[in-house]
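These are the residues of each chain, in order.
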There are 2 protein chains.
Amino acid sequence: MLPTEKDAGSASMSQVSTSTERANQADVAYGRLKQLILDGTLPAGAQMLEQEAATRLEMSRTPVREAMVRLRQEGMVEIRPRHGMRVLPISASDMAEIYAVLTALEGTAAELVAQRGITPRQLAQLRGAVADMQTALERSDLKAWAAADEQFHLHLVRLSGNSRLIQMVGQLWDQAHRARMLTLQLRPTPSNSVKEHADLVDAIAAGDGPRARKVHEDHRRRAGTMLVDLLDRLGLNQL
Amino acid sequence: MLPTEKDAGSASMSQVSTSTERANQADVAYGRLKQLILDGTLPAGAQMLEQEAATRLEMSRTPVREAMVRLRQEGMVEIRPRHGMRVLPISASDMAEIYAVLTALEGTAAELVAQRGITPRQLAQLRGAVADMQTALERSDLKAWAAADEQFHLHLVRLSGNSRLIQMVGQLWDQAHRARMLTLQLRPTPSNSVKEHADLVDAIAAGDGPRARKVHEDHRRRAGTMLVDLLDRLGLNQL
DNA sequence: GCGCGCATTAATGAATGCATTAATTGCGGC
DNA sequence: GCCGCAATTAATGCATTCATTAATGCGCGC
């Protein structure tokens, strides 16, 4: 399940029907609603009734409801009878929670990748993403940096080969996505980013699982702490 | 969200309607179907059509379908058009995957608990579960041991206070539950179990986060390895 | 203006109906 | 008996309908 164009900008690993790749209406609704949330069209706290969504997506309420149930299970929305779905805001404490779990999961992913070993092509992919990050920073293009950063992490987690870990990480990314994008221009320049990622790639290339894990956990922990402090300092509680 | 009687034997943190605690039919269907899976009534590979489930649960297909979608998202079943839902079997490699993620998450939970500190009452709860495990082992009652073990882990993860971590761990527990129960009488006597859990409680009581994490990760890693080896050795691939 | 009670409205959960089509069955030919 | 094809059946996805009831609006009294 690779991201399609529909998922551009998102690390979501959408679940689709098992038997065929023909998208049913529920899948369409899920993808469309999720996109609205991830790209900020539906901001934190926004509500949308089943019938509104159905009208907007030009389908009946049945597939829309299924989509909303799925989004609820992913922690993206809450569903309140007579109020439809409401996009769950992300507070600083949510972010702390997300990053605590992400640190554990991605650290494990890094360790698994190092243990499994990595092909030259895969290594080139990771190094390529690091190079993209460097290029972006030289141009002071934070947006491109974020995209390259995301690409790096996506490759990394995928390489772990643990489907459950991949799914869970994807879910957390989606929950944090909007807040990360909204704070992108507010955060300090990630000047150590390139070095940290490169160190991780080195540890992986050396097959050093414990080191890869530590390097990556430290990286994720620092990023999380930075974001949480930023949200706290700016009093941003509903992103 | 505490386990209700309906969830006895399961660590599932079921998601219910937000606004009221009045269970709607979809919630009922979800709980009932999940119970059938967890208690082995619906074994690995078992299929159940929407209409069969609807008939059995004495409701229409609509809430049944929602329940199946939720179970699918939790990794408990797959849904194949015209074949209904099928209970996903757990293989040795699935178990390896589950335990790799559980080790990461529960290790983090242990660290969080130690960092947050713990009340005397909470400490007594954990020690109580350890004592229950000891009592069960003295009686060679593996079933009681498993229940006490599960209670310990449930307390531990809850005490982390990280709702996302709690939900994810619960999901993995549910996926592994049937396989763990089915192999309970096949596995070696968990003779180090009491000591390992007691060591963990000591680390937590001492507020030693890194130590708690390490003790618990080692514990979980060993348990996972033991189970995976057991499944491999016995050629059990569809539990 | 405010609060309360009643009437009305609308959103949902669930049931039902329908169109689509995958799966099964039956038949004929070899 | 086996295979292929056509007909039939049945499971699903989806749309529509209906009953329930929470939410809203309105009117009245203070």
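Notes on the structure in this doc start here. (Residues numbered from 1 in each chain as written. Chains lettered and ligands numbered in written order. Predicted model: local features only at pLDDT ≥ 70, side-chain atom pairs only at ≥ 80, totals over all residues. Heavy atoms only, no water.)

### Structural notes on the pattern of salt bridges
Here comes step 1: Going through the model one piece at a time under the given rule, you end up with 42 salt bridges over all chains.
Here comes step 2: In this structure, Asp27(B) engages Arg70(B) in a salt bridge whose closest nitrogen and oxygen atoms are separated by 3.0 Å. Within this pair, whereas Asp27(B) is found in helix α1 (residues 25-38), its partner Arg70(B) is found in helix α3 (residues 61-73), the two being separated by 43 residues in sequence. Taken individually, Asp27(B) and Arg70(B) each receive the classification buried, so the pair is uniform in this respect.
Here comes step 3: Residues joined in a network through salt bridges with shared partners are Asp27(A), Glu66(A), Arg70(A), Glu50(B), Arg61(B), Arg65(B) and Arg72(B). (Salt bridge = Lys/Arg side-chain N within 4 Å of Asp/Glu carboxyl O. Helix = DSSP H or I, 4+ residues; strand = E, 2+ residues; numbered from the N terminus. Buried < 20%, exposed > 50% of the residue type's maximum accessible area, 1.4 Å probe, protein only.)

### Focus on the protein's contact with DNA strand D
Here comes step 1: In the vicinity of DNA strand D lie 17 residues, with Gln25(A), Ser60(A), Thr62(A), Arg65(B) and Arg82(B) positioned nearest.
Here comes step 2: When the atoms of DNA strand D within 4 Å of the protein are grouped by moiety, sugar and phosphate amount to 60% of the total.
Here comes step 3: Backbone polar atom of Gln25(A) to a phosphate oxygen of DNA strand D: 2.2 Å apart, as the coordinates give it.
Here comes step 4: Between DNA strand D and Glu50(B) there is a distance of 3.3 Å, counted from a phosphate oxygen to a side-chain nitrogen or oxygen.
Here comes step 5: It is helix α3 (residues 61-73) of chain A that provides the largest number of residues to the surface near DNA strand D, a total of three residues.
Here comes step 6: The class makeup of the residues in the surface near DNA strand D is five nonpolar, six polar and six charged. (Near = heavy atom within 4 Å. Polar contact = N/O pair within 3.5 Å; in protein donor to acceptor, adjacent residues only side chain to side chain. Nonpolar A, V, L, I, M, F, W, Y, C, P; charged D, E, K, R; others polar.)

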